[in-house]
Amino acid sequence: MGKARGHPVRGAARTNDPPLIQSRRHPAAQERRDLARSTVHRHAERRILIYPGSRARKGLRTSHFERTVRGTAERPPRYVNLLEAAVFPERTSVGLDVHARSVLAHATDDLTGEVHTARLPAGSEVATWILALPGPIAALYEAGPTGFGLARELRAAGVRCEVAAPTKLPRPVGERVKTDARDAALLCRVLRLGEYVPVAVPDAATEAARDLVRCREDCRTDLSRSRHRLSKMLLRQRIVYADGTTWNVTHTRWLGRQRFNDSTVQWIFDEYLDQVMTINARRDRLDRRIEELASDSAWTPVVRRLCCLRGISTLTGFALAVEIGDWTRFDGNSIGAYLGLTPSERSSGKSRALGGITQTGNSHVRRLLIEAGLHHLRPYRRSPKLR
């Protein structure tokens, strides 16, 4: 037997086994090369006979498995399962460009190559049109203001419907034409290729709870703006409150005692003050409703655990529970990237530049976590209850 040319596979254990056969003149090499051509393709994985050096002799790049699996003339090589990206299992893929009053659908039949397009009114007609296509069917549309009602409806009808993150969709940089038909075709294509980042679709109760906490967030913003307008209106009249903290009971009584000689100015002041008091009452009603849900609902256990942390109250805990939903989707690293709390980076070659946080994702949850984290800047002291 001639001496084999070649070198042992990188990463293989150093034993007393014969060296790997990589010479074309060896009698076992031709047999291995013929047997290695038998490849079985499957949907999610590929079962293939691995022979070290077979691809290297052809000038091809060897895979990780080919570099680590050992095979000798006396010992036949073994089967290795190579995991690959899942092939699109459904027959028909549907891309939906969803709007408030209409939906443009683009469907492709992978078996026959037929393309179906239609502009449908928003409503049950969309599900009826999709269910008439050859099955099995998968659909995709972008997350947006229309919510997740369409996804829940299609899933209930037996259609695999995914919702894609709009900022993660691959779009051509040089594309200067954007239409509903192009958007629907793009969604249909990325669905078949799997080149999209899915968004977790909440149930109806979770979506309603999210709307509640976001309504409270909008109320907080409106209250801040209305207070700012009132204070600046008084400043234009050279009236400044100088008796301590503003927007408490004392400050509210002081506002009620303000009088102006000009009737128009007095009317404007009353309107601004009434707006502040109305939004205050609306905020209190929302707080009471959130406390009721936090005390007796499916999110109560999570809210109670979160409230054990410093800087998190019932309002913050309930908002985190309903906005994040399934906490098992994340770990300590991925949740920071999901909320845009990781540093941005712009690196090329040997240069590496880190910037501020990316500020992507859910801005409401990011603000709550930052505000809760600011409470940890102060030193820890025992409260009167603990003393």
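Before any of the text, the structure's been laid out above.
Summarised in this report is the structure supplied together with it. (Residues numbered from 1 in each chain as written. Predicted model: local features only at pLDDT ≥ 70, side-chain atom pairs only at ≥ 80, totals over all residues. Heavy atoms only, no water.)

Here we come to the overall build of the protein chain. The helix and strand tally for the protein chain stands at 13 helices and 10 strands. Partitioning the intrachain contacts of the protein chain with sequence separation of at least 6 by distance along the chain shows that 54% fall at a separation of at least 24. Surface exposure of the protein chain reaches about 24800 Å², of which carbon and sulfur atoms provide 52%. (Helix = DSSP H or I, 4+ residues; strand = E, 2+ residues; numbered from the N terminus. Contact = heavy atoms within 4.5 Å. Areas by Shrake-Rupley, 256 points an atom, 1.4 Å probe, with all protein chains shown as cover.)

Glancing now at the packing of helix α4 (residues 124-131) against helix α5 (residues 149-156). At a minimum axis distance of 10 Å, the contact between α4 and α5 shows a crossing angle of 40°. As far as their axial angle goes, α5 and α4 are oblique. Remark: the crossing between α4 and α5 carries right-handed chirality. On α5, the residues that touch S124, V126, A127 and I130 of α4 are L150, E153 and L154. (Axes fitted to C-alpha atoms, helices over the stretch in contact; angles between N-to-C directions. Parallel < 35°, antiparallel > 145°, perpendicular 65-115°, else oblique. Left-handed = near helix turned anticlockwise from the far one by under 90°.)

The subject of this paragraph is the nonpolar core. Formed by 37 residues in total, the largest nonpolar core has its most connected members in L234, L255, F269, W299 and F318. Mapped onto this core, the elements with two or more residues apiece are α7 (204-236), α8 (249-256), α9 (263-295), α10 (300-306), α11 (314-324) and α13 (363-374). Tallying contributions element by element places α9 first for this core, with nine residues. Aside from chain neighbours lying at most four places away, what touches L255 is L230, L234, W247, F269 and L273. One finds V126, L133, Y141 and V201 within the second-largest nonpolar core, a separate group that totals 23 residues. (Core = buried A, V, L, I, M, F, W, Y, C linked by side-chain atoms within 4.5 Å. Buried < 20%, exposed > 50% of the residue type's maximum accessible area, 1.4 Å probe, protein only.)

The subject of this paragraph is the packing of aromatic side chains. Each pair of aromatic rings is reported with the distance of its centres and the angle of its planes. By the definition in use, this model includes four aromatic pairs. Here the aromatic rings of F330 and Y338 are separated by 4.6 Å at their centres, their planes lie at 40°, and the arrangement is tilted. Take F330: its relative accessible area is 16%, and that puts it in the buried class. By relative accessible area, Y338 is classed as partly exposed at 33%. A cation sits over an aromatic face here: R310 above Y380, 4.3 Å from the ring centre. Over the face of the ring belonging to Y338 we find R329, whose NZ or CZ atom lies 5.7 Å from the ring centre. (Phe/Tyr/Trp six-rings, centres within 6.5 Å; stacked < 30°, edge-to-face > 60°. Lys NZ or Arg CZ within 6 Å of the ring centre and 35° of its normal.)

Of note, L191 is situated in helix α6 (residues 180-193). Placed 51 residues apart in sequence, L191 and L140 show a C-alpha to C-alpha distance of 6.5 Å. Among all residues touching L191, those that are not within four sequence positions of it are F88, S93, V94, A138, A139, L140, R160 and Y196.

What follows is about the layout of surface pockets. To locate leftover empty space, one rolls a probe as large as a water molecule over the atoms. If you add up the space inside the largest pocket, you get close to 950 Å³. Forming the boundary of the largest pocket are 25 residues, of which A165, V199, Y338, G361 and N362 lie nearest the centre. Secondary structure elements with two or more residues in the lining of the largest pocket: α7 and α12 (334-338). Examining the composition of the lining of the largest pocket, we find that four residues originate from one element, α7, more than from any other. (1 Å grid on protein atoms, 1.4 Å probe; cavity = no way out; pocket = protein on both sides within 12 Å on 5 of 7 lines; lining within 4 Å. Points joined across faces, edges and corners; volume = space filled by probe spheres on them.)

Moving on to unusual backbone geometry. With an omega dihedral of -5°, the bond running from G135 to P136 counts as a cis peptide bond. Unlike most non-glycine residues, W247 shows phi in positive territory, near 60°. Here W247 shows up in the loop between α7 and α8.

Right, let's get into the sheet that holds strand β7 (residues 137-142). Across the sheet, five strands lie side by side as β6-β5-β4-β7-β8; this open sheet has mixed pairing. In the strand order of this sheet, the two ends are held by β6 (115-121) and β8 (160-164), each with one partner. Neighbour-to-neighbour, the strand axes of this sheet turn through a mean angle of 20°, independent of strand direction. Bridging between strand β4 (residues 92-98) and strand β5 (residues 102-109) involves seven bridges; their strand directions are antiparallel. When the sheet's bridge partners are listed, L96 is paired in β5 with A105. (Pairing = 2+ DSSP bridges.)

A few words now on α7. Between the first and last C-alpha of α7 there are 48 Å, a value that for 33 residues agrees with the 48 Å anticipated at 1.5 Å per step. R238 occupies a position one or two residues after α7 and carries a positive phi of about 60°. (Expected span 1.5 Å × (residues − 1).)

Attention now goes to the pairing of strand β10 (residues 351-357). A regular strand places its side chains on the two faces of the sheet in alternate fashion. For strand β9 (residues 343-348) and β10, the ladder comprises five bridges, and the chain directions are antiparallel. Bridging across to β10, S348 finds its partner in S351. The loop that links β9 with its antiparallel partner β10 comprises two residues; one of these, G349, has a positive phi angle of about 65°.

Turning next to the pairing of β4. Taking burial as the measure, the seven residues of β4 include six buried ones, the bulk of the element. Joining the antiparallel neighbours β4 and β5 is a turn of three residues. Across five bridges, the pairing between β4 and β7 is parallel. Pairing of G95 across the sheet is with L140, part of β7.

Residues of α8 that are buried include every one of H251, W254 and L255, and no others. The buried residues of α8 all sit within an arc of 100° when viewed along its axis, so they share a single face. Exposed side chains of α8 directed beyond 90 degrees from the buried face belong to V249 and R253. Buried residues belonging to α8 abut α7 and α9. N-cap assignment for α8: the residue whose side-chain oxygen lies 3.4 Å from the backbone N of T250 is N248. (Arc of directions from axis to C-beta. Polar contact = N/O pair within 3.5 Å; in protein donor to acceptor, adjacent residues only side chain to side chain.)

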